[in-house]
Each structure stands twice: as C-alpha cells, then as structure tokens.
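Fold and contact review
Given next are the chains, with one letter for each unit.
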Amino acid sequence: MEGIQRIGVYTSGGDAPGMNACVRAVVRTAYAHDIEVVGIRRGYEGMIDSDFVEMTPRSVSNILQKGGTVLKSARSDRFRTPEGRAVAAENLTEMGINALVAIGGDGSMRGATLLNQEHGISVVGCPGTIDNDLYGTDETIGYDTAMNTAIENIDRIRDTADAHNRLFLIEVMGRDAGFIALNCGIGGGAELVLIPENQSDLKEVKKQIFGLMSSHARSSIVVVAEGDQLGGAQRIADALKNDPKFDFIDLRVCILGHTQRGGSPTARDRVLASRFGVAAVEALIEGHTNVMVGLIGGEIKMTPMKNVWSRSKSIDYELINLTKMLS
C-alpha cells in the first residue's frame, strides 16, 4: 500500500509457541520492502502506554526457536473503552505507525477491527493461539507445539498408569474448543475424550469408565478439555470418588495447564508462523486491511477480520467417531 512507512507489530492475549517466529518474519519482510517496524510491547496495554521499541533485522536474530513472546503480552481493560482506543491510536500516530500486524486470538482480532473502524488504521492479523479455535485458518500458531507437548506428557503418564493399574483423568487446555483434547486423545490412545462441543452426560461417563476399569482391570486414560460441559477433570474425579461403586479404582487427576503454552516451537509452528508473518506484510503492501491471514487447504488465504471473531470454527466430528471406535 502506498504510504505505509512504519508497521507496528504486537502479540496479544495468551502466548503461543511460534509467536517470535512470526514477529521475526514481519520485521525481516518489512525491511526487505524498505518499511520500518516498531514493536509494541504488552499488546494493547503497551499501545496505550506508548511502550514501543524499534525493531531491525538484527534485533530479531536468535528468537525463532524461543517460546513465549519477546514483545510480551497482556490483557487490557482500558483498551475495551473508546477512550482507551483513542489514546492508543494517538500514540501510534505520534510514532508514525500507520499499519499494524496483530498476532493473537479472537480478542486480538476484535481489538484490531475496532482500531480500523474507529481510527482508520490498516490492520492485518496473524492467528496465534494454542487452542486452534479461530475461524479462517486450519491451524493456528502454537497449536502443533501444544499438541506435541500434551502427547509427550500423556505418554509419560501412561507409563505410571500401567505400572499401578490406575485411571488417569488428564486435563488439557481448551476452554471453549476441544481441538487439543480430541487430537491428543487419538494420538495418546485415550479410552475416552471429553470436549466442550460434544454433549457429556455424567451417568454415561460413569458407565463408560466403570466398564473400562472393571472389564480390563488395567490402566485407562481419559482426556478432558478444561471447558468440558461436566466442569473439567477435577469435578469428574470428585463425582467418581463420591460414588461407592468406584471405590475399587485407583484414580488420579493430572492437569497439564500452562505446560502446553511454553517451550520451543516445533518445526511446523516455526514454518507456519513465518509464512503468516510474510503474508501479513505483503497483504498490507498490496492494500488489504481488516483481514486475517490463515492456512486453508495448505494455502495462505485472507478472511475478513469480523468473521474471525464472530463465527465459530467447527470441530471435526469424524474424529469424535474415530475416538469411539479406537477406544
């Protein structure tokens, strides 16, 4: 786009492995087109506080393999108000930033949309969330790493479960979406997978677990998304412990939690994040705005930003049937 001289790049919302690879790609692609880049620390909160840092190709050396985000991330209640967004836009103007690359989840895309609508700032988003729940892309930055981290932990838990003939309820991240749980359940050989998208009935879950443990007399793994309709792994465990029929079961709960967010990104996430970063800058140069770049059918596509946060990404229900068959 003619007139773009400075691009601001920021990471927002929950951190995801591969965000640094995306930042690196944005900076180096922009400089290849003689466009300067300013890093915005702490997302929208830093935008309001003028927490800016000049970025160059050299400044993003040796961050490709690092987890987390060198630009930090933060929630911002102030940005939720029109006054806060006005301050952010004014600060961007003072810094000569007239285009933004937002890396984050649905909240980050919503914030970028508001900046574009209210203040005319050109914005392109890159999907960064381990939950993989963004409409407009088959995969998000950090999803592959989170899955591999979860699988590695499930494999280790399986070893100790087998050693003691225990039932393990393993909770993975996924407050609103079961992508991690579903795929890790299949990849980790779980006997049962519980996700937010699939209606769960406690009586039926109890029946399945009782059947598994009484007939096999060995270990079993149940993978539970944190947003499962029954309330997560601990609540299910409490329900089992309060039922005398399950006294014969040696039950343990393991909540993987934030271990899934950290760590060095996989090769897949590094390549994906790099592709998104390059595509975002090129989209701005070509005159696109208020869109998110994503991977659809193996190709980079653009989706209107509003669709990203207003539409739901559907789970693959064939995989749900697959878990039932394989268990």
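Everything below is about the structure printed above this text.
My aim in this report is to walk through the structure given alongside it, one point at a time. (Residues numbered from 1 in each chain as written. Predicted model: local features only at pLDDT ≥ 70, side-chain atom pairs only at ≥ 80, totals over all residues. Heavy atoms only, no water.)

Across its full length, the chain carries 11 helices and 11 strands. Its C-alpha atoms give the chain a radius of gyration of 22 Å, near enough to 20 Å, the size a compact globule of 327 residues would have. For the chain, the spread of C-alpha atoms along the principal axes amounts to about 70 × 35 × 35 Å. Relative to its full complement of 327 residues, the chain shows a buried share of 54%. (Helix = DSSP H or I, 4+ residues; strand = E, 2+ residues; numbered from the N terminus. Rg over C-alpha atoms; globule rule 2.2 N^0.38 Å. Buried < 20%, exposed > 50% of the residue type's maximum accessible area, 1.4 Å probe, protein only.)

Moving on to the pattern of salt bridges. Taken as a whole and assessed by the stated rule, the structure comprises 17 salt bridges. A salt bridge links Arg-80 to Asp-77; its shortest N-O distance comes to 3.5 Å. For the pair shown, Arg-80 and Asp-77 are each scored as exposed. When the shortest N-O distance is used, the salt bridge between Lys-206 and Asp-243 registers 3.3 Å. Here Lys-206 is found in helix H7 (residues 202-216), whereas its partner Asp-243 is found in the loop between helix H8 (233-241) and strand E9 (250-255), with 37 residues between them in sequence. Among the residues examined, Lys-206 registers a relative accessible area of 18% and is labelled buried. Three or more residues joined by partner-sharing salt bridges are found here, namely Arg-41, Arg-42, Glu-45, Asp-49, Asp-51 and Arg-78. (Salt bridge = Lys/Arg side-chain N within 4 Å of Asp/Glu carboxyl O.)

A word on the environment of Gln-260. Its place among the elements puts Gln-260 in the loop between E9 and helix H9 (267-285). Sequence spacing of Gln-260 and Asn-198 is 62 residues, and the spatial spacing of their C-alpha atoms is 22 Å. When residues no more than four places from it in sequence are discounted, the contact partners of Gln-260 are Ile-130, Ala-146, Thr-149, Ala-150, Val-172, Met-173 and Ile-180. A distance of 3.1 Å separates a polar side-chain atom of Gln-260 from the backbone nitrogen of Met-173. (Contact = heavy atoms within 4.5 Å. Polar contact = N/O pair within 3.5 Å; in protein donor to acceptor, adjacent residues only side chain to side chain.)

A word on the sheet that holds strand E8 (residues 220-225). Strand order in the open sheet formed by four strands is E7-E8-E6-E9, and the pairing between neighbours is parallel. In this open sheet, the two edge strands, each paired with only one partner strand, are strand E7 (192-194) and E9. Taking the axes of each pair of neighbouring strands and ignoring which way they run, one obtains an average angle of 15 degrees across the sheet. In the sheet, E7 pairs with E8 via three bridges, with the strands oriented parallel. Within the sheet, the bridge partner assigned to Leu-194 lies in E8 and is Val-224. The sheet contacts of helix H6 (residues 179-187) involve strand E6 (166-172), E7 and E8, and relative to E7 the element is tilted by about 175 degrees. (Pairing = 2+ DSSP bridges. Axes fitted to C-alpha atoms, helices over the stretch in contact; angles between N-to-C directions.)

Looking now at the layout of surface pockets. In this structure, the largest pocket encloses a volume near 1100 Å³. Taken together, 43 residues form the lining of the largest pocket, with Arg-75, Gly-105, Asp-106, Gly-107 and Arg-175 sitting closest to its centre. Counting residues per element, the ones that place at least two in the lining of the largest pocket are helix H4 (106-119) and E6. Ranked by residue count, the leading element in the lining of the largest pocket is H4, at six residues. Residues of the lining of the largest pocket, tallied by class, amount to 12 nonpolar, 16 polar and 15 charged. The volume enclosed by the second largest pocket comes to roughly 260 Å³. Mapped onto the lining of the second largest pocket, the elements with two or more residues apiece are E7, H7 and helix H11 (317-326). (1 Å grid on protein atoms, 1.4 Å probe; cavity = no way out; pocket = protein on both sides within 12 Å on 5 of 7 lines; lining within 4 Å. Points joined across faces, edges and corners; volume = space filled by probe spheres on them. Nonpolar A, V, L, I, M, F, W, Y, C, P; charged D, E, K, R; others polar.)

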